[in-house]
Amino acid sequence: VPNGAPSPEAKNFTSHFDYLASAEDTLKPLRKIIIAVDNDVPGQKLAEELARRLGQERCWRATWPTNCANVHHGWAETSKPCKDANDVLIHHGAEVLRECIDTATPWPVSGIMTVDMLSEAIEALYVDGVQRGLSPGWHTLEPLYTVKEGFISIITGIPSHGKSSWVSALTVNLAMLHGWRFCVFSPENHPPEYYSSALMELYTGKPFAAGYHERMDEVERWDAESWVHEHFSFLVPEDDSPTIPWILQLALVQVKRRGIKGLVIDPWNEVEHARPDRKPTTEYISETLSKLRRFARTHGVHVWVVAHPTKLKKEQSGELKGKYPVPTLYDISDAAHWYNKADLGVTIWRTLEPGDDMTEVHVQKSRFKYLGAPGTVSLHFDKVTGRYA
């Protein structure tokens, strides 16, 4: 690790791991990797990120003695935990240090869990309580919807009501507030340079193109372009058959190379869904959403899937007469699994009335109360920059 463990509070935490890409050929064939880092908060964060990128199944963890009384040289000092390998060498000697390495324990692998692996987590839960997800960037929405690694959000809404623009604004918020990196499959936002310019508008709060409003200047453009490069990468299929396995394979590459925390699939109907003969659509959707959720859990990534509802009928009476109703996750084509498999479910809805710039965000499902709760908030949509407020 060339520059030591970065501060866990640093927004650009993941940028410290570029050296793993240059060492990829060396690391790839290794079957056992022992992680031996400092016994402090930055060191533990470093260990977790290394295991996440290198693959938990081949990582082992060395632990240091809980006291550094100098038994090696025959004199005592105030007992304290050994911070690192050098502490062990100085205070306990080479043989103890070798023993720490030789007795390294397997890194916990997703799917295999024993209580001794959970001891620290149980202690933290007892002391600190359940930790909520990260703020989405809008304080009015935060009580209803937060974001956490390892979960899946299903986003739906009537075409042209702003599903994609809301997800884009959300990812930019998460990148700006929390330093997250994203991998985006969004063929409807084609070509990628157009989508990049939209992200740059969200970042700067100024339009990219010349027009009636003040556009970003050259310095702001270069700064925004550099920022988008740091936080976003795009999946662009070379043929017309992008599949979920293809998306997950490339997303995993970006987990290892760039430490992405978010994967966006927008929209679902642009993915090639080749089903084995006679497999019902509902069964296929259930299995595929389960794969996405396992990917999220295993690699510490939040997955957003944007899915269109079936064709809805306009309301015949009431306040919404002549308008489409607010769809639910049950209205998405082909299966109720969209609701059942979602950790978080959101519908984006607008009146589309002239002069009405409000967007309703309907949180229809939150599997865990520490992530959010069902409810609705209204956000103002700025058509010039794509921002919501």
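Preceding this paragraph is the structure being described.
Residues numbered from 1 in each chain as written. Predicted model: local features only at pLDDT ≥ 70, side-chain atom pairs only at ≥ 80, totals over all residues. Heavy atoms only, no water.

### Notes on empty space enclosed by the protein
All chains considered together, the criterion is met by 1 cavity of 30 Å³ or more. Computed from the structure, the largest cavity encloses a volume of approximately 40 Å³. Forming the boundary of the largest cavity are S164, V167, S168, T171, V184, S186, N189, Y195, V264 and D266. Broken down by element, the lining of the largest cavity gets its largest block of residues, 4 residues, from helix α7 (residues 163-178). (1 Å grid on protein atoms, 1.4 Å probe; cavity = no way out; pocket = protein on both sides within 12 Å on 5 of 7 lines; lining within 4 Å. Points joined across faces, edges and corners; volume = space filled by probe spheres on them. Helix = DSSP H or I, 4+ residues; strand = E, 2+ residues; numbered from the N terminus.)

### Notes on the pairing of strand β4 (residues 152-156)
Where burial is concerned, most of β4 is hidden: 5 out of the 5 residues are buried. The alternating pattern of β4 places I152, I154 and T156 and S153 and I155 on opposite faces, both of which are buried. Where β4 and strand β8 (residues 302-306) come together, 4 bridges link them in parallel fashion. Its bridge partner being in β8, S153 is matched across the sheet by W304. Alignment of β4 against strand β9 (residues 344-349), held across 4 bridges, turns out to be parallel. Among the inter-strand pairings, I154 is bridged to a residue of β9, identified as G345. (Buried < 20%, exposed > 50% of the residue type's maximum accessible area, 1.4 Å probe, protein only. Pairing = 2+ DSSP bridges.)

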